[in-house]
Amino acid sequence: MQSLTILGGGAWGSALANLGGKKGDRVNLWSRSSSFNLESVITGADVVVSAVSMKGVGATVDRLLALELSPDTIIVTVTKGLDPASTRTPSQIWQNAFPNNSIVVLSGPNLSEEIQQGLPAATVAASLDLAAAKQVQNIYSSDIFRVYVNEDPLGTELGGTLKNVFAIAAGVCDGLQLGTNAKSALLTRALPEMIRVGVRLGARAETFYGLSGLGDLLATCNSPLSRNYRVGFGLAEGKSLEQILHELQSTAEGVNTTNVLIDLADRREIEIPVSRQVYRLLNGEITAEQAVLSLMERTLKPEIL
Ligand SMILES: NC(=O)c1ccc[n+]([C@@H]2O[C@H](COP(=O)([O-])OP(=O)(O)OC[C@H]3O[C@@H](n4cnc5c(N)ncnc54)[C@H](O)[C@@H]3O)[C@@H](O)[C@H]2O)c1
Ligand SMILES: O=P(O)(O)OC[C@H](O)CO
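Since this is a predicted model, take the numbers as computed values, not measurements. (Residues numbered from 1 in each chain as written. Chains lettered and ligands numbered in written order. Predicted model: local features only at pLDDT ≥ 70, side-chain atom pairs only at ≥ 80, totals over all residues. Heavy atoms only, no water.)

Asker: Quick question: what am I supposed to make of the site of ligand 2 here?
Answerer: Close contacts around ligand 2 come from Lys80, Gly108, Pro109, Asn110, Leu111, Lys163, Asp216, Thr220, Leu225, Ser226, Arg227 and Asn228, and that covers them all. Between ligand 2 and the protein, one listed contact pairs an oxygen atom with a side-chain N or O atom of Arg227 at 2.8 Å. In this structure, Asn228 approaches ligand 2 through a side-chain N or O atom, which is 2.7 Å from an oxygen atom. Considered on its own, ligand 2 offers 310 Å² of accessible surface; in the complex 92% of this is hidden by protein. Mapped onto the shell around ligand 2, the elements with two or more residues apiece are helix H9 (211–221) and helix H10 (227–236). Among the residues making up the shell around ligand 2, the classes are represented as three nonpolar, five polar and four charged. (Near = heavy atom within 4 Å. Polar contact = N/O pair within 3.5 Å; in protein donor to acceptor, adjacent residues only side chain to side chain. Areas by Shrake-Rupley, 256 points an atom, 1.4 Å probe, with all protein chains shown as cover. Helix = DSSP H or I, 4+ residues; strand = E, 2+ residues; numbered from the N terminus. Nonpolar A, V, L, I, M, F, W, Y, C, P; charged D, E, K, R; others polar.)

See below:
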């Protein structure tokens, strides 16, 4: 029996606590509002899963740094975001803070509401330490959750993070009722845009064709269960971003990710036409209709994949 501690009691942290208990492992779910202290569930934990939103990663890392985390404890990160100050991914932040611990990224097409209903899903546990990824694979695999492993944590993490930007665009596409052809074109062009960014940041291109890239892109861009999709849909309906986020009462990481991505792409001169229109829309520079027109009227070019 292993001891598993989940940090963050939101939608995904709660689902991961349920999934983690399926094999009889001891599971502790800790959140800021927990009555017990963090130290009591960190001491002796085999695996600590960080399931906080991007804005909570820094504070969570600091909390753990103040405790004596064993170097044998595997840290799993499931956050799909980018740090606005450093543009770093959550796994990079965790690895920097805990250089002696194995860091595993768990990411895939995993809408928490479906998983809480017991519907089948698959995901990826990725780490530079393959043994640690396999340990997480064994803990989480069940008859409703199939876990694959790979050795590209950055690519796995960036797939889950970048697809949120395109989920906003997909919500716009459906909200404006642009049709199946347009949606197909959008998702197909999104993938090379994700790969372009990922490869420049050091990820492997092929990782983006897997569950954590294309898989999560398809799930999130086609489901009203996705909060990022709902942001785009609401914008197409003419709602303000403030109103949409107020109604969501939950995390839509794509908003922050879009802003950080633009900053990163500007500095590194990466071409990200779809993300740029999402950025302009989110920041009130253009309407949803103008965003579509800007993409349709771009300079004609070969189809570069
Ligand atoms: N919900 C899903 O379907 C899903 C699936 C896969 C990955 N994710 C990712 O997991 C992360 C969490 O998503 P969620 O759906 O659980 O969001 P949520 O809004 O339901 O919960 C966010 C959690 O983060 C915690 N948090 C925020 N700031 C904190 C801080 N300063 N200190 C401690 N805790 C803090 C909150 O208390 C809450 O428990 C996001 O990055 C999301 O992209 C979500
Ligand atoms: O609700 P979203 O848009 O944060 O999407 C949840 C997951 O990332 C889907 O894999």
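Asker: Just checking my understanding: could you explain helix H11 (residues 241–248) for this structure?
Answerer: Since there are 3.6 residues in each turn of an α-helix, residues three or four apart along the chain are aligned in direction. Listed as buried for H11 are Leu241, Ile244 and Leu248. The buried residues of H11 occupy one face: seen down the axis, they fall within an arc of 65°. For H11, exposure combined with an orientation more than 90 degrees from the buried face picks out Glu242 and His246. Buried-residue contacts for H11 involve H10, helix H12 (254–268) and helix H13 (273–282). Count one or two residues on from H11 and you reach Gln249, which has phi positive near 55°. (Buried < 20%, exposed > 50% of the residue type's maximum accessible area, 1.4 Å probe, protein only. Arc of directions from axis to C-beta. Contact = heavy atoms within 4.5 Å.)

Asker: Explain the state of the cysteines to me, please; I cannot follow it from the model alone.
Answerer: With the rule as written, the count across this model stands at zero disulfides. We note that Cys173 lacks a disulfide partner, and the nearest cysteine sulfur, in Cys221, lies 9.5 Å from it. Given a relative accessible area of 4%, Cys173 falls into the buried group. (Disulfide = S-S within 2.5 Å.)

Asker: Help me out: how do you make sense of the UniProt feature "domain: Glycerol-3-phosphate dehydrogenase NAD-dependent C-terminal" (unreviewed entry) in the protein in this one?
Answerer: Per the UniProt entry, the sites bearing "domain: Glycerol-3-phosphate dehydrogenase NAD-dependent C-terminal" (unreviewed entry) are residues 152–292 in this numbering. Within residues 152–292, the helical portion is 73% and the strand portion 0%, while the C-alpha atoms at the span's ends are 34 Å from each other. (UniProt positions renumbered as here; feature names shortened; annotations may be inferred.)

Asker: I keep staring at the UniProt feature "binding site: sn-glycerol 3-phosphate" (unreviewed entry) in the protein and nothing clicks. Help me out?
Answerer: UniProt's feature table lists "binding site: sn-glycerol 3-phosphate" (unreviewed entry) at Lys80, Gly108, Lys163, Asp216, Ser226, Arg227 and Asn228, given in the numbering used throughout. For Lys163, a relative accessible area of 5% translates into the label buried. In contact with Lys163, not counting residues within four places along its chain, are Lys80, Leu158, Met194, Asp216, Leu217 and Thr220. If you trace the backbone, Ser226 turns up in the loop between H9 and H10. We classify Ser226 as buried; its relative accessible area is 4%. Not counting chain neighbours up to four residues away, the residues in contact with Ser226 comprise Leu111, Ala167 and Thr220.

Asker: Hey, could you run me through the side chain of Thr73 in this one?
Answerer: Counting through the fold element by element, Thr73 comes out in the loop between helix H3 (54–65) and strand E4 (74–77). A polar contact is formed between the side chain of Thr73 and the backbone oxygen of Ala45, at a distance of 3.0 Å. Setting aside residues up to four positions removed in sequence, Thr73 forms contacts with Ala45, Asp46, Val47, Val48, Asn101 and Ser102.

Asker: Can you help me understand the site of ligand 1 in this one?
Answerer: Lining the immediate surroundings of ligand 1 are 23 residues, of which Ala11, Ser112, Arg227, Thr251 and Glu253 lie closest. Within the backbone of Gly10, an N or O atom sits 3.0 Å from an oxygen atom of ligand 1. Here an oxygen atom of ligand 1 sits 2.5 Å away from a polar atom, N or O, in the side chain of Thr251.

Asker: How do you make sense of the packing of helix H7 (residues 153–175) against helix H8 (residues 180–200) when you look at a structure like this?
Answerer: When two helices pack together, their arrangement is given by the angle between their axes and by how far apart the axes lie. Running from N to C, H7 and H8 cross one another at 155°; their axes reach a closest spacing of 10 Å. One way to sum up the angle between H7 and H8 is to call them roughly antiparallel. For the element pair H7 and H8, the recorded crossing hand is right-handed. Contacts between H7 and H8 pair Leu158, Gly159, Leu162, Lys163, Phe166, Ala169, Ala170, Cys173 and Asp174 from the former with Ala182, Lys183, Leu186, Ala190, Glu193, Met194, Val197 and Gly198 from the latter. Taken together, the residues that form the contact of H7 with H8 break down as 11 nonpolar, two polar and four charged. (Axes fitted to C-alpha atoms, helices over the stretch in contact; angles between N-to-C directions. Parallel < 35°, antiparallel > 145°, perpendicular 65-115°, else oblique. Left-handed = near helix turned anticlockwise from the far one by under 90°.)

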